[in-house]
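# Structural description and commentary
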Amino acid sequence: LIIIISNFMREEQKRRQIRAAFGQYLSPDLVGRLADNPDTLVLGGETRELSVLFTDIRGFTTISESYKDYPQGLTRLMNHFLTELSRPILERNGTIDKYMGDAIMAFWNAPFDREDHAKEACLAALEMLDNIDRLNTEREARLKNDKTETYHEINVGIGINTGLCVVGNMGSENRFDYTALGDTVNIASRLEGQSKPYGLPIIIGPETAERVADTLAVFEIDLIRVKGKTEPVCIFALSGNDEFAKSKLFGDFREINSTMLASYRDQKWNDAKKSIRKLTTLGKQLNLPIDEYILIYQTRISEFEQNSPTSDWDGVYVASSK
């Protein structure tokens, strides 16, 4: 009897440790499953395919400066927005890896298998944008007659990438976290950074795009070599859900966008400019934030018309920023 009680106490202690460790980073249902099946966790790490998401609040320095005399307000604001950004991750069965100031890293397909992990990550990202839009509208209305805080519209950039990672409990002997490491993670972080120059809130990698292109609104935006990498990466924008993807207007937009990219890479500048004019019109009809994206290609084409690319030009853009 003593042995049975002792074993029960050890198992219950293990469950409590798991609930304490993962309670803030997984949905309650997943925490319960993990507590009942602790062997699911592989100590030291295992190689798994994950969909990794990074999100970052744009213009955080400017926002924080406006709260220099009211730091409590900044803390409350960030907690509010990070809560709304975190909710879709948990509801979509994701794992929050860490909070980094105003940024979040999360992943799908660990510790539990999720066959549709790429789509879950993308849907969570779209829901994040909806939540942020709602919160901005609410804050603007609330602060209209409030002199204690200045209203700043908050925007986020999101990057998602799918591929093999090492995931598990990592750290020192005294302190460790359940986290993911690997090239897939690094590229996801770089993709989030690229959302700023392209002006597109969600940028996804090629493997993620391949998994969701049949059901979600995805279009190719560039072939780039991100900072710290030698191999080019084809990057895509995620712009809407399945209903948006099925619309004729978006189908036309995606087709013309593909034509524009093909003309650009074939150095047919006039054809590319014709496609850009059509994209601009369709983008306005679809309410897509493509102004910066269009400007990038208009600028490049203008420069190439003045100075033709070298004979070995492969259409790859070298991204200088993270």
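Residues numbered from 1 in each chain as written. Predicted model: local features only at pLDDT ≥ 70, side-chain atom pairs only at ≥ 80, totals over all residues. Heavy atoms only, no water.

## Looking at the pattern of salt bridges
Under the criterion given, the structure shown has 18 salt bridges. The salt bridge involving Arg58 is made with Asp56; its shortest N-O contact spans 3.7 Å. Here Arg300 and Asp222 are joined by a salt bridge, their closest N and O atoms 2.7 Å apart. Remark: Asp222 occurs in strand β7 (residues 217-225) and Arg300 occurs in helix α11 (residues 291-306); sequence separation between them is 78 residues. (Salt bridge = Lys/Arg side-chain N within 4 Å of Asp/Glu carboxyl O. Helix = DSSP H or I, 4+ residues; strand = E, 2+ residues; numbered from the N terminus.)

## A few points about the packing of helix α9 (residues 248-265) against α11
Two elements in contact, α9 and α11, have axes separated by 12 Å at closest approach and are oriented at 25 degrees. Classified by the angle between their axes, α9 and α11 sit roughly parallel to one another. When the axes of α9 and α11 are compared, the crossing they make is left-handed. The residues of α11 that touch α9, namely those facing Asn257, Met260, Leu261 and Tyr264, are Tyr293, Tyr297, Arg300, Ile301 and Phe304. Tallied by class, residues from the contact of α9 with α11 come to 7 nonpolar, 1 polar and 1 charged. (Axes fitted to C-alpha atoms, helices over the stretch in contact; angles between N-to-C directions. Parallel < 35°, antiparallel > 145°, perpendicular 65-115°, else oblique. Left-handed = near helix turned anticlockwise from the far one by under 90°. Contact = heavy atoms within 4.5 Å. Nonpolar A, V, L, I, M, F, W, Y, C, P; charged D, E, K, R; others polar.)

## Description of the confidence of the model for the protein chain
Summarising the model, the protein chain shows a mean pLDDT of 86, and 83% of its residues fall at 70 or more. No element of the protein chain has a lower mean pLDDT than helix α1 (residues 2-22), which averages 51, and none a higher one than strand β6 (residues 202-204), which averages 98. (pLDDT = per-residue confidence, 0-100.)

## What to know about the nonpolar core
Core analysis: the biggest nonpolar cluster contains 39 residues, and Ile158, Ile160, Ile202, Ile204, Val218 and Leu238 have the highest contact counts within it. Among the secondary structure elements, those contributing two or more residues to this core are β1 (46-57), α4 (71-91), β3 (103-108), α5 (117-142), β4 (156-171), β6, α7 (206-212) and β8 (233-240). In terms of residue count, the dominant contributor to this core is α5 (11 residues). Dropping the residues within four chain positions of it, Ile158 is found in contact with Leu53, Phe54, Thr55, Ala125, Met128, Leu129, Glu192, Ser195, Pro201, Ile202 and Ile203. The next biggest cluster of nonpolar side chains, apart from the first, holds 36 residues, and it includes Phe219, Ile235, Phe250 and Leu286. (Core = buried A, V, L, I, M, F, W, Y, C linked by side-chain atoms within 4.5 Å. Buried < 20%, exposed > 50% of the residue type's maximum accessible area, 1.4 Å probe, protein only.)

## Focus: the packing of aromatic side chains
Under the definition given, this model contains 14 aromatic pairs. The interplanar angle of 50 degrees and the centroid separation of 5.5 Å between the aromatic rings of Phe244 and Phe250 together place this pair among those described as tilted. With 5.3 Å between their ring centres and 15 degrees between their planes, Trp269 and Phe304 make a pair best called stacked. On the criterion of sequence distance, the pair formed by Trp269 in helix α10 (residues 269-286) and Phe304 in helix α11 is long-range, its members being 35 residues apart. You can call Phe304 buried: its relative accessible area is 17%. Grouped by ring-pair contacts, the aromatic residues Phe219, Phe244, Phe250, Phe253, Tyr264, Trp269, Tyr293, Tyr297, Phe304 and Trp313 constitute a single cluster. The positively charged end of Arg300 is found above the aromatic ring belonging to Tyr317, 4.2 Å away from the centroid. (Phe/Tyr/Trp six-rings, centres within 6.5 Å; stacked < 30°, edge-to-face > 60°. Lys NZ or Arg CZ within 6 Å of the ring centre and 35° of its normal.)

## Focus: the environment of Leu249
Take Leu249: it is sitting in helix α9. Among the residues examined, Leu249 registers a relative accessible area of 32% and is labelled partly exposed. Placed 37 residues apart in sequence, Leu249 and Leu286 show a C-alpha to C-alpha distance of 7.2 Å. For Leu249, the contacting residues outside a window of four places in its chain are Leu282, Gln285 and Leu286.

## What about the pairing of β3?
Counting buried positions along β3 gives 6 out of 6 residues, so the element sits mostly inside the fold. Residues Ala103, Met105 and Phe107 point to one face of β3 and Ile104, Ala106 and Trp108 to the other, with burial holding for every one of them. Note: β1 against β3, 6 bridges, orientation antiparallel. Bridge pairing in β3 links Thr55 to Ile104. The pairing of strand β2 (residues 95-100) with β3 spans 5 bridges and is classified as antiparallel. Within β3, the position partnered with Tyr99 by the bridge is Ile104. Connecting β2 to the next strand, β3, in antiparallel fashion are 2 residues, including Gly101 with a positive phi near 65 degrees. (Pairing = 2+ DSSP bridges.)

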